[in-house]
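As a plain string of letters, each chain reads:
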Amino acid sequence: MGRATLIGFSAVAMWALLALLTDASGSVPPFLLSAMTFAIGTCVGLAARLFMARPDRPVKIPPQVWLIGIAGLFGYHFFYFTALRNAPAVEASLIAYLWPLLIVLGSALMPGERLAWNHVAGALLGLAGTVLIVTKGSGLSFEANYAFGYAMAAVCALLWSAYSLLSRRFPSVPTTIVTWFCAATAILSLFCHLALEQTVLPATPGQWLAVLGLGLMPVGAAFYAWDIGVKRGNIQVLGAASYAAPLLSTLVLIATGFAEPSLRILAACLLITGGAVLAAKSLLFRRRASAQTGASA
């Protein structure tokens, strides 16, 4: 359980590179960038298959798994890009980033899961830290004329949280299925690009390397790691800990000179770290108790 949760959190760590690598990729429009990086993510899955043991017999994939997977990966990006086109980026991003809280709350509806006060409190602390980062310490302004964009951001949050929770209901479906989710997302993103955007390719070798990096980690390996985490890990802890993504992303930008350190970042760090520790409290106590039991035996 602990190992799977850590693997799932590695996806959050990889998503922290998203802002830096996206900025370094130049002026590639969103859907084209999505098509390119998910195509690379598909290759990551195909390469991983060469080193994985094949099942003794073919696994039957329920039709709803295909719907959940493609709607989760492509739907999240489609509605997120739509939200950014129709609402201010700060407010849209904050609404979209309600998905960790929705995962924590929605986990109470999953078989065999129990929602405790520390899970909710941890997720709320993480949300508070995210507000500090996204708003840069200034206020929020939700205007009625951006209602459509706000709604698209809310759909985005609902889709990703639903994808994460519903994937847990199919633990026998192998993680290799994410390969085909990535392939479908790449194809659908290409169609959206051709219909909605002008083609702008990376202009320098550095920008092409950034696209490759996006496809290998934040858009590639991260989704495979997330699948393992939500299916076999502690989903409440994973949901609350996901609020670390914007914090880690900001720290990466500071380390690379794209942002300045501040007391606001320190406060966000304390809130998000405290929230993650609080959410993981029961898991940490359980592991300590198991270790003590083993030692006494």
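Residues numbered from 1 in each chain as written. Predicted model: local features only at pLDDT ≥ 70, side-chain atom pairs only at ≥ 80, totals over all residues. Heavy atoms only, no water.

*Asks:* Sorry, what's going on with helix α10 (residues 205-232) here?
*Replies:* Relative to the 40 Å expected for 28 residues at 1.5 Å per residue, α10 spans 39 Å between its end C-alpha atoms, a close match to the ideal helical length. Taking the largest bend as the criterion, α10 deviates by roughly 40°, centred on A222. (Helix = DSSP H or I, 4+ residues; strand = E, 2+ residues; numbered from the N terminus. Expected span 1.5 Å × (residues − 1). Bend = angle between axes of the 7 residues up to and from the residue.)

*Asks:* Honestly, the packing of aromatic side chains in this entry has me stumped. Any pointers?
*Replies:* Within the structure shown, the criterion is met by 21 aromatic pairs. Seen in terms of ring centroids, W15 and W160 are 6.1 Å apart; in terms of plane orientation they differ by 75°. Their pairing is edge-to-face. Of this pair, W15 sits in helix α1 (residues 2-15) while W160 sits in helix α8 (residues 147-167), placing them 145 residues apart in sequence. Each of the two residues, W15 as well as W160, counts as buried. Residues F31 and F81 carry aromatic rings whose centres are separated by 5.1 Å and whose planes lie at 90° to one another, so their mutual orientation is edge-to-face. With a gap of 50 residues between them, F31 in helix α3 (residues 30-49) and F81 in helix α4 (residues 63-86) connect regions that are remote in the sequence. No difference in accessibility class separates F31 from F81, as the two residues are buried. (Phe/Tyr/Trp six-rings, centres within 6.5 Å; stacked < 30°, edge-to-face > 60°. Buried < 20%, exposed > 50% of the residue type's maximum accessible area, 1.4 Å probe, protein only.)

*Asks:* Looking at this structure, how should I read the layout of surface pockets?
*Replies:* Unfilled space is identified by rolling a water-sized probe across the atoms. If you add up the space inside the largest pocket, you get close to 1500 Å³. What lines the largest pocket is a set of 47 residues, among which L18, A19, Y80, S93 and S249 lie closest to the centre. Elements with a minimum of two residues in the lining of the largest pocket: α2 (18-24), α3, α4, α5 (89-96), α7 (117-135), α10, α12 (244-255) and α13 (263-279). Considering every element that reaches the lining of the largest pocket, the biggest residue donor is α4, with 6 residues. Here the residues of the lining of the largest pocket are counted per class, giving 32 nonpolar, 10 polar and 5 charged. (1 Å grid on protein atoms, 1.4 Å probe; cavity = no way out; pocket = protein on both sides within 12 Å on 5 of 7 lines; lining within 4 Å. Points joined across faces, edges and corners; volume = space filled by probe spheres on them. Nonpolar A, V, L, I, M, F, W, Y, C, P; charged D, E, K, R; others polar.)

*Asks:* For this particular structure, what's the right way to read empty space enclosed by the protein?
*Replies:* Taken as a whole and judged by the stated rule, the model has 1 cavity of 30 Å³ or more. Its volume calculated, the largest cavity comes out at about 70 Å³. Lining the largest cavity we find V65, I68, G69, Y163, L166, S167, F170, V173, I177, F181, D227 and K231. Within the residue set of the lining of the largest cavity, elements represented by two or more residues are α4, α8 and α10. Its residues assigned to classes, the lining of the largest cavity shows 8 nonpolar, 2 polar and 2 charged.

*Asks:* Explain the nonpolar core here, please?
*Replies:* Among soluble globular proteins, nonpolar side chains are generally buried collectively. Within the largest apolar cluster, 59 residues are counted, with the highest numbers of intra-cluster contacts made by W15, W99, W160 and W226. Considering every element that reaches this core, the biggest residue donor is α8, with 8 residues. Those residues within four positions of W99 in sequence are excluded, and the remaining contacts are W15, Y76, A157, W160, S161, W226 and S242. Among the nonpolar cores identified, the runner-up in size contains 8 residues, and L32, L33, I40 and L214 belong to it. (Core = buried A, V, L, I, M, F, W, Y, C linked by side-chain atoms within 4.5 Å. Contact = heavy atoms within 4.5 Å.)

*Asks:* Where do I start with a nonpolar patch on the surface in this structure?
*Replies:* Taken together, I187, L190, F191 and L194 make up a surface patch of nonpolar side chains, about 410 Å² in accessible area. With respect to the helices and strands, I187 occurs in helix α9 (residues 178-196). On the basis of relative accessible area, I187 is assigned to the partly exposed category, the value being 48%. (Patch = residues over 30% accessible without salt bridge, like charges linked within 9 Å, V, L, I, M, F, W, Y side chains within 5 Å. Areas by Shrake-Rupley, 256 points an atom, 1.4 Å probe, with all protein chains shown as cover. Salt bridge = Lys/Arg side-chain N within 4 Å of Asp/Glu carboxyl O.)

*Asks:* Just checking my understanding: could you explain the confidence of the model for the protein chain for this structure?
*Replies:* Detailed conclusions should not be drawn from predicted coordinates in areas where pLDDT is low. The predicted model of the protein chain has a mean per-residue pLDDT of 86, with 92% of residues at 70 or higher. The least confident element of the protein chain, judged by mean pLDDT, is helix α14 (residues 281-296) at 50; the most confident is α9 at 97. (pLDDT = per-residue confidence, 0-100.)

*Asks:* Would you mind going over the pattern of salt bridges with me for this structure?
*Replies:* When the charged atoms of two side chains with opposite charge come close together, those side chains can pair. Taken as a whole and assessed by the stated rule, the structure comprises 2 salt bridges. A salt bridge links E197 to R85, with the shortest nitrogen-to-oxygen separation between them at 3.3 Å. Placement of E197 in the loop between α9 and α10 and of R85 in helix α4 is noted, with a sequence separation of 112 residues between them. By relative accessible area, which is 11% here, E197 ends up buried. With a closest N to O distance of 3.1 Å, K231 and D227 form a salt bridge. Here K231 and its partner D227 are both found in helix α10, 4 residues apart, which amounts to about one turn of the helix. In this pair, the class of K231 matches that of D227, namely buried.

*Asks:* Is there a simple way to think about the packing of α12 against α13 in this case?
*Replies:* To describe two helices that pack against each other, one gives the angle between their axes and the distance between the axes. Closest axis-to-axis distance for the α12/α13 pair is 10 Å, and the angle between their directions is 145°. For α12 against α13, the interelement crossing comes out left-handed. Where α12 abuts α13, its residues A244, L247, T250, L251 and I254 lie against I265, C269 and I272. For the contact of α12 with α13, a count of residues per class yields 7 nonpolar, 1 polar and no charged. (Axes fitted to C-alpha atoms, helices over the stretch in contact; angles between N-to-C directions. Left-handed = near helix turned anticlockwise from the far one by under 90°.)

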